[in-house]
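Structure at a glance
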Amino acid sequence: MKFFIDTANLDQIREAQDLGILDGVTTNPSLMAKEGITGDDKVNKHYKDICDIVDANVSAEVISITYDEMIKEGEALAALNPKIVVKIPMIKDGVKAIKYLSSKGIRVNTTLIFSAGQALVAAKAGASYVSPFLGRLDDIGSEGLLLVEDIRTIFDNYGYECEILAASIRGPLHIIDCAKIGADVVTAPLSAILGLLNHPLTDKGLATFLADHKKAGESAKK
Ligand code: G3P
């Protein structure tokens, strides 16, 4: 399973890249705003900065909602760096934009996927990724993981190469559950990724190993 980080924070992206397991970065307009990045020039520079940090693909989201504007914006984003994957929202004009951009060799990540039908249409239009939002479904009392399971079944039935990019991840358990189901990619905040590393028995075991090693060294000196 591929690991993407879901943030526009450069320090967190650097930390994830340094960890050596990063396969990609996803951003969205809210994450960019959280970092205080506004205006086309600043946003485009920020995408370029992210691309310079990572050996991975970087999802950059369009902010227009009509076909003509989305393809113009998508082409401009893709021209910033070969690592850019254009993020298009799952709306009617978005489907047409996915078809156009993918036919031009531009990879598309379809965002705001909340149903299996939406994922099926995005894959058929040529999207490279579909992003089901698990956490936001959980938030309204609907089980987000069931959506990932349904999309996995449908894509496997027809051999769609479109990758399932599980998004809106809230913690390490979501990541593990997605891996069990067979999501191709998980995009998560750094805290959720780092949460996978921790176990109290690891800390306890390591402390014992180091203490035993020290004791053995001290008694050898006597
Ligand atoms: O980037 C899309 C998605 O991961 C957003 O997640 O936490 O805002 O629901 P969240």
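Throughout, a residue's number is its position along its own chain's written sequence, starting from 1. For a predicted model such as this one, the threshold for reporting local features is a pLDDT of at least 70, and the threshold for listing and counting side-chain atom pairs is 80 or more; totals across whole chains, interfaces and linings nevertheless cover every residue. Hydrogens and water are ignored here; the side-chain numbers use all heavy atoms of the structure.

1. What about the overall build of the chain?
- In terms of regular secondary structure, the chain is built from 11 helices and 8 strands.
- A principal-axis box enclosing the C-alpha atoms of the chain has dimensions of 80 × 40 × 30 Å.
- Counting only residues that meet the buried cut, the chain has 45% of its 222 residues in that class.
- Excluding contacts between residues fewer than 6 apart, the proportion of contacts in the chain whose partners are at least 24 apart in sequence is 56%.
- Only the protein chains shown count as covering a residue, and every accessible area follows the Shrake-Rupley method with a 1.4 Å probe. When the accessible surface of the chain is summed, it comes to about 11600 Å², and 55% of that surface belongs to carbon and sulfur atoms.
- Positive charges come from Lys and Arg alone, negative charges from Asp and Glu alone, with His and the N- and C-terminal ends not counted. The atoms used to mark charge sites are NZ of Lys, CZ of Arg, CG of Asp and CD of Glu. Across the chain, the 24 positively charged side chains and the 30 negatively charged ones have centroids separated by 3 Å. In this description a helix means any DSSP run of H or I spanning at least four residues, a strand means any run of E spanning at least two, and both kinds are numbered starting from the N terminus. When a residue's accessible area, from a 1.4 Å probe over protein chains only, is under 20% of the maximum for its type it is buried; when over 50% it is exposed; and in between it is partly exposed. Here a residue-residue contact requires only that any non-hydrogen atoms of the pair lie within 4.5 Å.

2. Re the nonpolar core
- Here, the term nonpolar core denotes a set of buried Ala, Val, Leu, Ile, Met, Phe, Trp, Tyr and Cys residues that are joined through side-chain atoms within 4.5 Å. Core analysis: the biggest nonpolar cluster contains 62 residues, and Ile84, Val86, Ile88, Val130 and Ile169 have the highest contact counts within it.
- Core analysis: the next-biggest nonpolar cluster, separate from the first, contains 5 residues, Phe4, Val85, Tyr129 and Val185 among them.

3. Examining the site of the ligand
- With respect to spatial proximity, the complete set of residues near the ligand consists of Asp6, Asn28, Lys87, Phe133, Arg136, Ala167, Ser168 and Arg170.
- At 3.4 Å, a side-chain N or O of Lys87 approaches an oxygen atom of the ligand.
- Taken by itself the ligand offers 310 Å² of open surface, and the protein chains cover 82% of this.
- Under the convention adopted here, Pro, Cys and the residues Ala, Val, Leu, Ile, Met, Phe, Trp and Tyr are nonpolar, Asp, Glu, Lys and Arg are charged, and Gly plus all remaining residues are polar. A per-class count over the shell around the ligand returns 2 nonpolar, 2 polar and 4 charged. Residues are classed as near a molecule or strand on a simple rule: at least one heavy atom within 4 Å of it. Polar contacts, as used here, are pairs of N or O atoms within 3.5 Å; protein pairs need one atom able to donate a hydrogen and one able to accept it. Residues neighboring in sequence count only if both atoms are side-chain atoms.

4. Regarding helix H4 (residues 67–80)
- Multiplying one less than the number of residues by 1.5 Å gives the expected span of a helix. With 14 residues, H4 extends 20 Å between its outermost C-alpha atoms, agreeing within 8% with the 20 Å of an ideal straight helix rising 1.5 Å per residue.
- For H4, the set of buried residues is Met70, Ile71, Gly74, Leu77, Ala78 and Leu80.
- Those residues of H4 that are buried lie in contact with helix H3 (40–53), strand E3 (57–61), strand E4 (84–89) and helix H5 (92–103).

5. What about a negative patch on the surface?
- Taken together, Asp138, Glu143, Glu149 and Asp150 make up a surface patch of like negative charges.
- Relative to the assigned elements, Glu149 resides in helix H8 (residues 144–158). Exposure above 30% relative accessible area and the absence of a salt bridge qualify a residue for a patch, where like charges join within 9 Å and nonpolar side chains (Val, Leu, Ile, Met, Phe, Trp, Tyr) within 5 Å. When a carboxyl oxygen of Asp or Glu is within 4 Å of a side-chain nitrogen of Lys or Arg, the pair counts as a salt bridge.

6. Focus: the packing of aromatic side chains
- Two rings belonging to Phe, Tyr or Trp (six-membered ring only in the last case) form a pair when the distance between their centres is within 6.5 Å. Interplanar angles under 30 degrees mark stacking, angles over 60 mark edge-to-face geometry, and anything in between is tilted. According to the stated counting rule, one finds 5 aromatic pairs in the structure shown.
- Measuring from centroid to centroid gives 6.0 Å for Phe4 and Tyr129, while their planes differ by 65°, and the two rings are edge-to-face. A residue pair is termed long-range when its members are at least 10 positions apart, and Phe4 in strand E1 (residues 2–6) and Tyr129 in strand E6 (residues 129–132) qualify at 125 residues.
- Measuring from centroid to centroid gives 5.7 Å for Phe155 and Tyr160, while their planes differ by 70°, and the two rings are edge-to-face.

7. Overview of the sheet that holds strand E2 (residues 24–26)
- DSSP bridges decide pairing: two strands pair if at least two such bridges lie between them. Read around the barrel, 8 strands follow the order E1-E2-E3-E4-E5-E6-E7-E8 and close on themselves; strand pairing throughout is parallel. Within this sheet the neighbouring strands show an average axis-to-axis angle of 25°, counted without direction.
- To get an axis, a line is fitted to the C-alpha atoms, and for a helix only the part in contact is used. The angle between two axes follows their N-to-C directions and goes from 0 to 180 degrees. Sheet contacts for H4: E3 and E4; angle to E4, the most-contacted strand, approximately 160°.
- Across the sheet, H8 lies against strand E5 (108–113), E6 and strand E7 (163–166), angled at about 155° from E6, the strand it touches most.

8. With respect to unusual backbone geometry
- The residue Leu112 is not glycine, and still its phi comes out positive at about 65°.
- Following the sequence through the fold, Leu112 ends up in strand E5.
- When its relative accessible area of 34% is taken as the criterion, Leu112 is described as partly exposed.
- Even without being glycine, Ser168 reaches a positive phi, approximately 55°.
- In this fold, Ser168 is placed in the loop between E7 and helix H9 (172–181).
- Judged by its relative accessible area of 9%, Ser168 is buried.

9. Re the packing of H8 against H9
- Across the interface, H8 lies against H9 with an axial gap of 10 Å and an inter-helix angle of 20°. The angle between H8 and H9 places the two elements in the roughly parallel class. Along this stretch, H8 crosses H9, giving a crossing that reads as right-handed. Listed contacts from H9 to Leu145, Val148, Glu149 and Arg152 of H8 are Asp177, Cys178 and Ile181.
- Here the residues of the contact of H8 with H9 are counted per class, giving 4 nonpolar, no polar and 3 charged. Note on angle classes: values under 35 degrees are labelled roughly parallel, values over 145 roughly antiparallel, values of 65 to 115 roughly perpendicular, and the remainder oblique. Crossing handedness is defined as follows: a turn of the near helix away from the far one that is anticlockwise and smaller than a right angle gives a left-handed crossing, while the clockwise case is right-handed.

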